[in-house]
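Below are the chains, spelled out letter by letter.
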Amino acid sequence: MAHEDANAHQHGHDHGPDDGHDHGPDDGHDHAHDHAHDRGPVADASVRVARGSDAPAVGLVQAVVFREAYAAALAPEVLATFEPRAFANAWRATLEGERSGDGVLLVACAGEQVVGFAAVGASDDADTDAGTAELIVLGVHPDARRQGHGSRLLHAVVDTARARGRSALAAWLLASDDATRGFLTAAGMVADGAHRQRVVSPDGDTAGEVRLSALLADDSDAADAAPVTAEDSAATAADDTARAADDGRATEGP
């Protein structure tokens, strides 16, 4: 799921931003926003919508962070299937085809180099409505962590969801993933009581997941949840959540 300059978080989607989930109540939310400051400027740091040509870089980042995140949960032979080319092909098909639907893939860049990514789309959990968006996956390459990229991505996810008329954001993560939970709760999300078992290997191994959710800040909260732009993205991050989430874990395999 999402976290500041940390690993990856994905839930129930096939590498691209348009698949499905279910269950759990949808109340007791707080406002999601990104507020605090980076520990220092990052040269030419930005977040933008991904292009088809970004697929190889996104695939590489996803393979690295998923292998790291699932190291304790999956057998080595399963981890070995997390190949950059497979992820890249899936993202290319999404970006260049018609699979994306309502989904949007965002990339975090240091200069021209893609160092992180996040996908947001409509939630299809049975208990949510058309106003709920889902943070499908977020990851930052280990070499680019603690530089604000994760916070910029999360901020851009919120802005993208709001621009599409969404009023709430949900995210599934491993129940044992305290680091990711710390990052998301620091940003304003709370556990909403939903939980499930997700199959994480060809042998049928499962992992418990919980769902966090939040109401998206509206225009009256713009001071706390301003849209991310190329000009201001280098100055927006969350130093405290970076420290809390630097060792986060993933929530769903490919």
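Before reading further, recall that the structure is shown in the block above.
Just so it is clear, the structure is predicted and the values come from calculations on it, not from any experiment.

### Considerations on the nonpolar core
- Leu135, Leu153, Leu169 and Leu184 are the most contacted members of the largest nonpolar core, which totals 29 residues.
- Counting only elements with at least two residues in this core, the list comes to strand E4 (104-110), strand E5 (113-122), strand E6 (132-140), helix H4 (149-163), strand E7 (168-174), helix H5 (178-186) and strand E9 (206-216).
- Top contributing element to this core by residue count: H4, with six residues.

### Some remarks on the environment of Leu60
- As for its position among the elements, Leu60 is in helix H1 (residues 55-69).
- Residue classification places Leu60 among the partly exposed residues on the basis of a relative accessible area of 43%.
- Counting along the chain gives 22 residues from Leu60 to Phe82, while the straight-line C-alpha distance between them is 9.6 Å.

### Examining the pairing of E7
- For E7, a buried count of seven out of seven residues is recorded, marking the element as mostly surrounded by other parts of the structure.
- Both E6 and E7 contribute to a ladder of three bridges, which runs parallel. Within the sheet, the bridge partner assigned to Glu134 lies in E7 and is Ala170.
- The parallel pair E6 and E7 is bridged by H4, and the resulting crossover is right-handed.
- Pairing analysis gives seven bridges linking E7 to E9, with the strands arranged antiparallel. Bridge pairing in E9 links Ala170 to Ser213.

### So, the pattern of salt bridges
- As enumerated under the stated definition, the model contains eight salt bridges in all.
- Put simply, Glu83 and Arg67 hold a salt bridge, and the shortest N to O gap is 3.2 Å. Note that Glu83 is positioned in the loop between helix H2 (76-79) and helix H3 (84-96) and Arg67 in helix H1, a separation of 16 residues in sequence.
- Here Arg211 ties to Asp127 by a salt bridge, and the two come within 2.8 Å at their closest N and O atoms. In this pair, Arg211 sits in strand E9 while Asp127 sits in the loop between E5 and E6, placing the two residues 84 residues apart along the sequence.
- A single network of salt bridges, built from pairs that share partners, joins Asp125, Asp127, Asp192 and Arg211.

The rules behind the values
Residues numbered from 1 in each chain as written. Predicted model: local features only at pLDDT ≥ 70, side-chain atom pairs only at ≥ 80, totals over all residues. Heavy atoms only, no water. Core = buried A, V, L, I, M, F, W, Y, C linked by side-chain atoms within 4.5 Å. Buried < 20%, exposed > 50% of the residue type's maximum accessible area, 1.4 Å probe, protein only. Helix = DSSP H or I, 4+ residues; strand = E, 2+ residues; numbered from the N terminus. Pairing = 2+ DSSP bridges. Right-handed = clockwise from strand over helix to strand, strands pointing away. Salt bridge = Lys/Arg side-chain N within 4 Å of Asp/Glu carboxyl O.

All quantities given are derived from atomic positions and should not be read as evidence of function.
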